[in-house]
Amino acid sequence: MLQEESDLALIIAQIVQKLKGSTLYAQLERQAWASLQRPEIKLESLKEDIKEFFKISGWEKKLQNAVYSELNVFPLPSHPAAPPEHLKEPLVYMRKAQGSWEKRILKSLNSMCTELSIPLARKRPVGEQKELLNKWNEMGTDEPDLSLFRPVYAPKDFLEVLINLRNPNYENGDSHSFRTHLGLIQVPLKVKDIPELKEFFVELGLTAGQLGIDDSTQVPPELFENEHVRIGQKVLSEQDSAAAQQYIRQGSPTALRAELWALILNTSSQPEDILYYEQLKTNVIQHDLLVDSLIYKDVKLTASNDDYYFVFEDYLYQVLLCFSRDTSVLGHFAYNSASPPKSYIRGKLGLEEYAVFYPPNGVIPFHGFSMYVAPLCFLYHEPSKLYQIFREMYVRFFFRLHSISSHPSGIVSLCLLFETLLQTYLPQLFYHLREIGAQPLRISFKWMVRAFSGYLATDQLLLLWDRILGYNSLEILAVLAAAVFAFRAVNLMEVTSLAAAEAVLADLSTLKVMPLLQIFLFATVT
C-alpha cells in the first residue's frame, strides 16, 4: 500500500513538472488571474471558486486531457534510486545492443558524408532560400540527383540485428519453454498468449459491434453504425480524451476520425502551434541537412510509387523536413532505449560543449520512414495540424518500431509475440515454413516495422490504427500479422521456398482487417 502511494506521488510529481513547461500551464495561470475579476469569486473560498470556474469554463477538461495524455506516454515510475538509463531500458543487454546498432547507423551516415564530400549541415545561400520558399508547396516537382544517396538502413538490416540478439544470462537449455521456441527471435521476454490477448482486446469480441465489420453493406446501419456515430458525436462534444480512446476501440466513423485522433493525442490548433510549425519551416529554408536528401530519397522510393499516397508527396516533404528540425522530439528519448546522435564542430571532436544533436530531432530516417506520415494525409489537410498529429504518433508509438527494447510494444516483443502465436496455434504451418527456409518473421517483419502502412488498403489501415490509439499498444500489429498467415495457411502449406511464400503474401490490399482479427482471436484459435 505504501509502495503504491509512493509510486502515485512520483507519477503526480513527474506530470506536474512536465505540465509546468507547457503552454496549457501558462493559459491556466492567465485564466486564474483573470477569474479574480469575476464577482462570483470570493476571497474566503478562493481555491474552490477558481476550481468551479475552471470546471464551468472547460479548462478543467483540458487539464484532465493533458494529464491523461501524459499518463499514456510516460513510463511507469521506477525505483527512486534507479539510474536514468533504467527508465530508457531496464535490461543492460538491450541497451548495449541498441548502442551498437546506433554506432553502425552513424558509421553508415558518416561514410556517406565522406564519400560524397557533403557536410552534415550547411547554411543555404540567399538565392537558394528564396527558391525553396517559392516552391515549398510543390517540392514534389523537384528532381534532385539522388542516385549517389542510399538509405542508411532498411528493415531487413534491422531484422538481422534482432535475430542475433541474445541475453548473456541465459545458457542454452536454461528454460524449457524458451528452448522450445523455434523462431528467429531468441530472447526470453514475456509476451501475451491468446487468453491474455482476448482479455486485453475484449472490445474486439464477437459480441461487440465493430466498424470494419458491422458497417458493411450487408448489415443495416440502424443495427450499429447509426448509434455508434451518435455516441462519437457526443464524445467529441464532451472533449474527453479518455472517453474518445475507449470509444475508438470499436473503430471510428470516417467523418469523425480526424477530430477523435486529435482529441486522443491532445493536439490543438492554437496560434502558437501554427507559429511553431512556421518556425520549423524557416529552419528548413535557412539550413540544408544531409538527412534532407535521405528524406527526399525515401519519399521517392516509397510513397511516390504507392497508388494511395503519391498525391501527398509535397505534404510528406513538408512534414518530414520540419520534423527533422524539431528539438521538442528529443524529449521522447527519456523513455526511448535509443539516444540521439551527436555531432561536433570541426576540430572539437569529443568536447561536449561543442556538441550538437544531429539531426536536431535526434531521429535518422530509414527506408520506409515516410510511410508513417502518408496515411495521415488522408485525415489532415492543413500542414501544421498534420505535422502535430504525426509528431505525437511518432513519440507515442512509431519510435518503438525501430529501436531495440524490452517494452511490450517494442519491435522485439512484437516479433516474439508473432512467432509465439504462430508456433503455438498454427504449429504445422510454422514448422512447414521453417523447414523450407521461409521463416515467417522474414516475411512479416516489414509489415510490422511500417505498422502495415503501404501494405493494407488505406481504409483498412486507418481502422487498424484506430485500435492502436484505442488500446495505446502496438501489440495488435503482431496479432494481425499472425492472422494474415492463418488466413493464407492453405496456400502457404503448398509452397516449397521462401520466394513462393512471399508471393502468396505479396498483396495484402484486399484484406479486411477486423474480420481477420476477430476470427483469429475469438473464433478459430482456442
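What you see is a predicted model, and the numbers here were worked out from it, not measured in a lab.

Asker: Any details on the overall build of the protein chain? Residues and values, ideally.
Answerer: Of regular secondary structure, the protein chain possesses 25 helices and 4 strands. Among the 526 residues that make up the protein chain, the fraction classed as buried is 51%. For the protein chain, the share of sequence-separated contacts (at least 6 apart) that also reach a separation of at least 24 residues comes to 76%. With the model as given, the accessible surface of the protein chain reaches about 25,100 Å², and the carbon-plus-sulfur share is 56%.

Asker: I'd like a description of the environment of Tyr358, backed by residues and values.
Answerer: Within the secondary structure, Tyr358 sits in the loop between strand E4 (355–357) and helix H17 (383–396). In sequence terms Tyr358 and Ser324 are 34 residues apart; their C-alpha atoms lie 9.0 Å from each other. When near neighbours in sequence (up to four residues on either side) are disregarded, Tyr358 contacts Leu109, Leu120, Ala121, Leu289, Leu290, Val291, Pro341, Lys342 and Ser343. Polar contacts involving the side chain of Tyr358 include one to the main-chain amide nitrogen of Leu290, which spans 3.0 Å.

Asker: Provide a residue-level description of the packing of helix H14 (residues 271–286) against helix H16 (residues 313–325), including the pertinent values.
Answerer: Closest axis-to-axis distance for the H14/H16 pair is 9 Å, and the angle between their directions is 90°. Looking at the two axes, H14 sits roughly perpendicular to H16. Across the interface between the two elements, Tyr277, Leu280, Lys281, Asn283 and Val284 from H14 touch Gln318, Leu321, Cys322 and Arg325 from H16. Broken down by class, the residue content of the contact of H14 with H16 amounts to 5 nonpolar, 2 polar and 2 charged.

Asker: For the confidence of the model for the protein chain, give the residues involved together with the corresponding values.
Answerer: Predicted confidence across the protein chain gives a mean pLDDT of 86, with 90% of residues reaching 70 or more. This stretch, residues 173–177, has a pLDDT under 50; its non-local contacts, to residues over four places away or in other chains, come to 3 contacts.

Asker: Describe in detail the side chain of Glu203, supporting the description with residues and values.
Answerer: Residue placement: Glu203 occurs in the loop between helix H10 (194–200) and helix H11 (225–238). On the basis of relative accessible area, Glu203 is assigned to the buried category, the value being 14%. Only 3.2 Å separates the side chain of Glu203 from the side chain of Arg249, close enough to count as a polar contact. Sequence-distant contacts of Glu203, that is, excluding residues within four places in its chain, are made with Ala208, Gln210, Gln246, Arg249, Gln250 and Tyr471.

Parameters at a glance
Residues numbered from 1 in each chain as written. Predicted model: local features only at pLDDT ≥ 70, side-chain atom pairs only at ≥ 80, totals over all residues. Heavy atoms only, no water. Helix = DSSP H or I, 4+ residues; strand = E, 2+ residues; numbered from the N terminus. Buried < 20%, exposed > 50% of the residue type's maximum accessible area, 1.4 Å probe, protein only. Contact = heavy atoms within 4.5 Å. Areas by Shrake-Rupley, 256 points an atom, 1.4 Å probe, with all protein chains shown as cover. Polar contact = N/O pair within 3.5 Å; in protein donor to acceptor, adjacent residues only side chain to side chain. Axes fitted to C-alpha atoms, helices over the stretch in contact; angles between N-to-C directions. Parallel < 35°, antiparallel > 145°, perpendicular 65-115°, else oblique. Nonpolar A, V, L, I, M, F, W, Y, C, P; charged D, E, K, R; others polar. pLDDT = per-residue confidence, 0-100.

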